[in-house]
Amino acid sequence: MVAGLVFCGSLVGQTTPKSAYDFSLPRKERIKLAESAAPPEISGKATVYLLERSGYVKVREGSNGFACFVDRQTPFNQEPTCFDAEGSATTLVTRLYVEEQRGMGKTEQQIAAAIEAGYKTGKFRAPQKPGIVYMMSNNGYLLIPGKTELIHIPAHLMFCAPYATSKDIGSPPASANMPRIIREGQPDAYIIVIPGPPAAKN
């Protein structure tokens, strides 16, 4: 994801990696952080998962098929995310599993291997149809691989594209106004689109 978004992120310098997600914040604030991923018309009716040190806890059952939570592609990240119904039934299951395993003390390598094996055995499955993922929060942060810095990621939308590669979308140049593929070739690959500024009114 960094490769697609770093060109429009502002650096937050740190001497040592520190998780952007603050477990000490009041429960209400952390729920609001999860809901910030999507417009209130969507997140207000979505199922909400609260991230705790032992994993995710469902704090509200939704009515529109969407699920909002704070994702963490690494333990240092903070990625408010809202999956649609298809993503909630498929990819979300892997996200819940990852944090459960982290809570049990498993290493990132062990977890990644288990996820890969799970897709091969059918324990996990890729989305079966197109879908949208809202990541419209202004409070998203990612760790730059191999560094001790976090980047602030811009509000953006993602679309399910299982196993897709950059070639599938024409290998566009790395630019803020171009779509990008993350997790290329994997079951949970996505096309990222960063909305432009609103058009000026005449």
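Quantities reported herein were computed from a predicted structural model and do not represent experimental measurements.

Conventions adopted
- Residues numbered from 1 in each chain as written.
- Predicted model: local features only at pLDDT ≥ 70, side-chain atom pairs only at ≥ 80, totals over all residues.
- Heavy atoms only, no water.
- Helix = DSSP H or I, 4+ residues; strand = E, 2+ residues; numbered from the N terminus.
- Buried < 20%, exposed > 50% of the residue type's maximum accessible area, 1.4 Å probe, protein only.
- Disulfide = S-S within 2.5 Å.
- Pairing = 2+ DSSP bridges.
- Axes fitted to C-alpha atoms, helices over the stretch in contact; angles between N-to-C directions.
- Contact = heavy atoms within 4.5 Å.
- Phe/Tyr/Trp six-rings, centres within 6.5 Å; stacked < 30°, edge-to-face > 60°.

**A look at the environment of serine 63**
(1) Moving on: Along the chain, the position of serine 63 falls in the loop between strand E3 (55-60) and strand E4 (67-71).
(2) Moving on: Its relative accessible area of 66% is what places serine 63 among the exposed residues.

**Quick word on the state of the cysteines**
(1) Moving on: With the rule as written, the count across this model stands at one disulfide.
(2) Moving on: Here cysteine 68 engages in a disulfide with cysteine 82; their sulfurs sit 2.2 Å apart. On the S-S bond that ties cysteine 68 to cysteine 82, the torsion sits near -60 degrees, and the link is left-handed. Here the residue cysteine 68 occupies a position in strand E4, and cysteine 82 occupies one in strand E5 (residues 79-83), the gap between them amounting to 14 residues. Neither cysteine 68 nor cysteine 82 differs from the other in exposure class; each is buried.

**Details of the sheet that holds E3**
(1) Moving on: An order of E3-E2-E4-E5-E6-E9-E11-E10 is seen for the eight strands of this open sheet, with the pairing classed as mixed. The open sheet is flanked by E3 and strand E10 (180-182), the only strands paired with a single partner. The average angle at which neighbouring strand axes cross in this sheet is 30 degrees, direction not considered.
(2) Moving on: Pairing geometry for strand E2 (residues 47-52) and E3, over five bridges, is antiparallel. From the neighbouring strand, leucine 50 faces E3, where its bridge partner is valine 57.
(3) Moving on: Sheet contacts for helix H2 (residues 27-35): E2, E3, E4 and E5; angle to E2, the most-contacted strand, approximately 125 degrees.
(4) Moving on: Contacts from helix H5 (residues 91-103) reach E2, E3, E4, E5 and strand E11 (190-193) within the one sheet, and its direction differs from that of E3 by about 125 degrees.

**Topic: unusual backbone geometry**
For residues other than glycine, phi is negative in most cases, and the peptide bonds are mostly trans.
(1) Moving on: One non-glycine residue with positive phi stands out, namely tyrosine 163, at about 70 degrees.
(2) Moving on: At serine 171, a position not held by glycine, the phi torsion is positive, near 50 degrees.
(3) Moving on: Judged by its relative accessible area of 46%, serine 171 is partly exposed.

**Regarding the environment of proline 39**
(1) Moving on: Take proline 39: it is sitting in the loop between H2 and helix H3 (40-43).
(2) Moving on: Classification of proline 39 as partly exposed rests on a relative accessible area of 31%.

**Some points on the packing of aromatic side chains**
(1) Moving on: Tallying each qualifying case throughout the model produces seven aromatic pairs.
(2) Moving on: Each ring, one from phenylalanine 66 and one from tyrosine 134, has its centre 6.1 Å from the other, and the planes form 50 degrees; the classification is tilted. Of this pair, phenylalanine 66 sits in the loop between E3 and E4 while tyrosine 134 sits in strand E6 (residues 132-135), and the two are 68 residues apart along the sequence. Tyrosine 134 carries the same exposure label as phenylalanine 66, and that label is buried.
(3) Moving on: When the centroid spacing of 5.5 Å and the interplanar angle of 25 degrees are considered together, the rings of phenylalanine 69 and phenylalanine 83 count as stacked. Of this pair, phenylalanine 69 sits in strand E4 while phenylalanine 83 sits in strand E5, placing them 14 residues apart in sequence.
(4) Moving on: Taking the relative accessible area as the measure of exposure, phenylalanine 69 reaches 0% and is therefore buried.
(5) Moving on: Through pairs of rings, three or more aromatic residues link up here, namely Tyr56, Phe69, Phe83 and Tyr190.

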